[in-house]
Structures are given as C-alpha cells and as structure tokens.
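Structural overview
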Amino acid sequence: MKLPHYTAETPMFMPVGTQGTVKGLTSEQMQELDCHVILGNTYHLGNRPGPELVAAMGGLHSFINWPRGMLTDSGGFQMVSLLHLADITEEGVTFQSPVDGSRMLLTPEESIGIQNDLGADIMMQLDDVVPATNTDLARFEEATHRTTRWLDRCLAANKRPNEQNLFPIVQGGFDVRLRELSMQQLIARNAPGYAIGGLAGGETKDMFWRVVAQCAAGLPPGKPRYVMGIGYPLDILVCSALGADMYDSVYPTRTARFGVALVDSGVMKLKNAAFAKDMRPIDESCSCMTCRQYTRSYLHHVVTRGVASASILVTYHNVAYMQGLTRRIRHAIKQQRMPEFTRTFLAGMFPAGNVPQWVVDALHVAGISLEGVAQLQPAHSFYEEVQAVQRIPAV
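This section reports on the structure supplied with the text. Note that this is a predicted model, so its numbers are computed, not measured.

**Digging into the sheet that holds strand S7 (residues 122–124)**
Within the open sheet, the four strands sit side by side as S2-S3-S7-S8. Their pairing is parallel. The two strands at the open ends of the sheet, each matched to only one other strand, are strand S2 (37–41) and strand S8 (165–167). Across the sheet, the mean angle separating the axes of adjacent strands is 25° when strand polarity is ignored. Where S2 and strand S3 (residues 69–73) come together, five bridges link them in parallel fashion. Counterpart to Ile-38 in the pairing with S3 is Met-70. Sheet contacts for helix H6 (residues 108–118): S3, S7 and S8; angle to S7, the most-contacted strand, approximately 165°.

**Section: a nonpolar patch on the surface**
Among the surface-exposed residues, Leu-53, Met-57 and Phe-63 lie close enough to one another that they form a single nonpolar patch of about 270 Å² accessible area. With respect to the secondary-structure elements, Met-57 resides in the loop between helix H3 (51–56) and helix H4 (60–64).

**Comments concerning the nonpolar core**
Core analysis: the largest hydrophobic core is formed by 51 residues, its most contacted members being Phe-208, Val-227, Leu-346 and Leu-370. Elements with a minimum of two residues in this core: helix H8 (176–187), strand S10 (194–196), helix H9 (205–218), helix H10 (233–242), helix H14 (308–334), helix H15 (338–349) and helix H16 (357–365). Among the elements that take part in this core, H10 stands out by supplying seven residues, more than any other. Ignoring sequence-local partners within four residues, the contact set of Leu-346 consists of Leu-234, Leu-237, Val-359, Leu-363, Leu-370 and Val-373. With 46 residues, the next largest nonpolar core counts Ile-38, Leu-60, Trp-150 and Val-302 among its residues.

**Brief notes about the packing of H8 against H9**
To describe two helices that pack against each other, one gives the angle between their axes and the distance between the axes. Running from N to C, H8 and H9 point in directions that differ by 30°, and their axes come no closer than 10 Å. In terms of axis orientation, H8 runs roughly parallel to H9. Where H8 crosses over H9, the two elements pack in a sense that is right-handed. Note on element contacts: H9 touches H8 through Val-211, Gln-214, Cys-215 and Gly-218, opposite Val-176, Arg-179, Glu-180, Met-183 and Ile-187.

**What about the environment of Asp-117?**
Locating Asp-117 in the fold gives a position in helix H6. Under the relative-accessibility criterion, Asp-117 is labelled partly exposed at 25%. Contacts of Asp-117, omitting those with residues within four sequence positions, involve Pro-51, Val-54, Ala-55, Gly-59 and Lys-159.

**Topic: the environment of Glu-141**
Tracing the backbone through its elements, the reader meets Glu-141 in helix H7 (residues 137–157). Along the backbone, Glu-141 and Met-228 are 87 residues apart, and their C-alpha atoms lie at a distance of 20 Å. Other than its neighbours up to four places away in sequence, Glu-141 contacts Arg-177 and Leu-178. A polar side-chain atom of Glu-141 sits 3.0 Å from a polar atom in the side chain of Arg-177.

**Some thoughts on unusual backbone geometry**
In this structure, the amide linkage connecting Thr-10 to the following residue, Pro-11, adopts the cis form with an omega of 0°. Summarising the element assignment, Pro-11 is placed in the segment before strand S1 (12–15). Although it is not a glycine, Asp-34 adopts a positive phi angle of roughly 60°. Looking at the secondary structure, you find Asp-34 in the loop between helix H1 (27–32) and S2. Its identity is not glycine, yet Asn-190 carries a phi of approximately 55°, on the positive side. Note that Asn-190 resides in the loop between H8 and S10. For Asn-190, a relative accessible area of 58% corresponds to the exposed category.

So, how was this worked out
- Residues numbered from 1 in each chain as written.
- Predicted model: local features only at pLDDT ≥ 70, side-chain atom pairs only at ≥ 80, totals over all residues.
- Heavy atoms only, no water.
- Pairing = 2+ DSSP bridges.
- Helix = DSSP H or I, 4+ residues; strand = E, 2+ residues; numbered from the N terminus.
- Axes fitted to C-alpha atoms, helices over the stretch in contact; angles between N-to-C directions.
- Contact = heavy atoms within 4.5 Å.
- Patch = residues over 30% accessible without salt bridge, like charges linked within 9 Å, V, L, I, M, F, W, Y side chains within 5 Å.
- Areas by Shrake-Rupley, 256 points an atom, 1.4 Å probe, with all protein chains shown as cover.
- Salt bridge = Lys/Arg side-chain N within 4 Å of Asp/Glu carboxyl O.
- Core = buried A, V, L, I, M, F, W, Y, C linked by side-chain atoms within 4.5 Å.
- Buried < 20%, exposed > 50% of the residue type's maximum accessible area, 1.4 Å probe, protein only.
- Parallel < 35°, antiparallel > 145°, perpendicular 65-115°, else oblique.
- Left-handed = near helix turned anticlockwise from the far one by under 90°.
- Polar contact = N/O pair within 3.5 Å; in protein donor to acceptor, adjacent residues only side chain to side chain.

By themselves, these are just geometric observations and shouldn't be taken as functional.
See the structure below:
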C-alpha cells in the first residue's frame, strides 16, 4: 500500500498513539520495530495541542518526528467511549470536553478540517457509531444511512484529496442486510480503502467474525480492508485469513503496562512468582531488544515493584511481537502457506485441541481446515444468509 510518507505492507498492525505518541516508546524505537503506520486520535489531538499548532509545526509527522505512515481516526469512536458526554444529531456530535467541561461540536467538516491540518496519510470519515450492545435495529439503520451522508460531507470538505487518503467506514451493526447496504453505498464513492467499523465493542466472537467475513468478501479486491479496534493476536490471524489487511488497538501497549507480555501461546503474566528465578527471555525466538538483553526474572523484579522502565521494556516486546506476527502472516500469504501457518499457530496456542468454535467456523469460511488441530467441527450456515441478502436490490 503506497502512502505519501511510506510504502506499507499488509496485513499490518498499527500501534495507537492517541496523543500523537505511543506510550513508552520514541519514534526512533517505532522505526527499529519496523512499524509501517501508527495511529493518532483526532478528538484528543483536536483538544490538545490543537490542529493549528500541529499544522504550524509542519503537520503531525514533523511534530512527532515520524517519517513513516500515519493514520488519524475521525473522533467518531468517542461517541461510544464517551457517550455519556455526547449528543448525536444530523449536524454532528456535541461533546462535553473531559478537559474543561466545555461543549464541543464535531461535524464531518470539522473532523476533516482537523485531519487536514494534522496531515496524516490516511484520514477516517466521521461515522455514526452505535454501541455493539445496542439492540435497537432502527438505530443501526439510522446510523448506516447517516454514515453515508456524513461521508459525502467529508469528501466535500477535504481540502487535500491528492495528498491524504480518506477511508469510509462500513456500518450496519450485526444485520447482514444493513452491512450489505452500507458496503454498496460506500463502494459507489470509489474510495482508496475501506474500514469495517462497529466492532470490538462487546459483541460475541461469533457476531464479530461474521461481520468481518461478510465485509472482507464484499469490499473491492485490491483495496485495503481495515478492521478497526482489533489487537488480539488470535483475532488478527483469523481476520487475515478472512481477507482483512489493517488493524489497530491499544491492547498490546496497554496490557504491557500491567506486566503482561504477548507470546504465541497466549500471554505471559510477568508478575507471577513463577518467573522470579527464570533466567530465560520472554520469548526465546524473539530478537527484540527486551528479549536479547533481559530475563524473565529481571522483568518480574521491575514489574512487581512498579519501576518505570518495566512498562517500557514490556511495551517494546509487545509491539515487536505484533509486528513479527503480521510479518509472519505476510510471509505465509506470499508463500501460499497460510493454511499451514494457521494450523501450526493454533496447535501451539491450543495444544489440547480446544480451539474455540468461532475460530473453527471462521476459518472454515476462509477455506482453512483445522482437522487434526481442533476437536470441534464447523457448525453454521452463514454464507447462505449472506447470499440471500445479496440477491435483494439495494434501497
């Protein structure tokens, strides 16, 4: 994926730098870890330090000294995470600032204006986000159509269409018909890439993979498909098998600050007393600075005592792990060995064969058999439902 500042390879994981920086790491360290794109948050950067200051400093890339790809979200996710502070209307979203309590209106035009000033390679449209736990189908229908109308306003407001890519966001909740309708409407705008929104909000894994499968199959081939808010390694493996390309989440860095390291078998809780005298690195197959230079024993010592460097060291490893995982997935895809890689990975994560049903079902749809790896068999009729909806004319 050729971006103005960098040519990124997919599938890729994008660490989240909410305030323009990934907590605990410098821009130089992010390059060492071979991060292709990092994410900044329009809502928070719009509050502080403000788009005018960032623009005066030459844009977000210059402001944070980051020469590679940058993606800014629209601020729409805060509709969910800060919903008790927000009112949603056709005009936009009115927030109560958590900083000073003042009222702030975020419209599609304002969101794009801030993102134009920030200067990211990829901008996200402002979308109408409905919490995954909402059971009101009429609210999802309203949000689906409003998201398309807001996309048109974002496109009209974009002052730098030749310098910044604007991605629409597919909505529709967990209703197959609404997701199909949303995709048809957004594809008609011929965007350079598409995001799959409305996930990672408390839905079941069975609902989650079905949305990803439908959207990854229905969006245009050759254009990146971005599953927003996804950071668990297992989720990334499954979504990549289904055809998705881009992911972001605070999970790897946030969990590091609690002394939890990511490994192929799952997680390693370094606070556990079992690591107090363990002289091995976190991961003997990992070549990151943390694994080369520090033992589990030392990391247990600094994590349990709350030493500031502890979160930095574990964060460094976790970001290295995520970059390594997506690099291995890319290699498997290029070598046409994705089924073999997937089976090997799952055999290591679930040595007893207790692969969750949703993983078995999702990978069956992706054409990957887990015979000999998983105890369970595929159990669903998902594509019959999707095919029935695809025969319904768009409204």
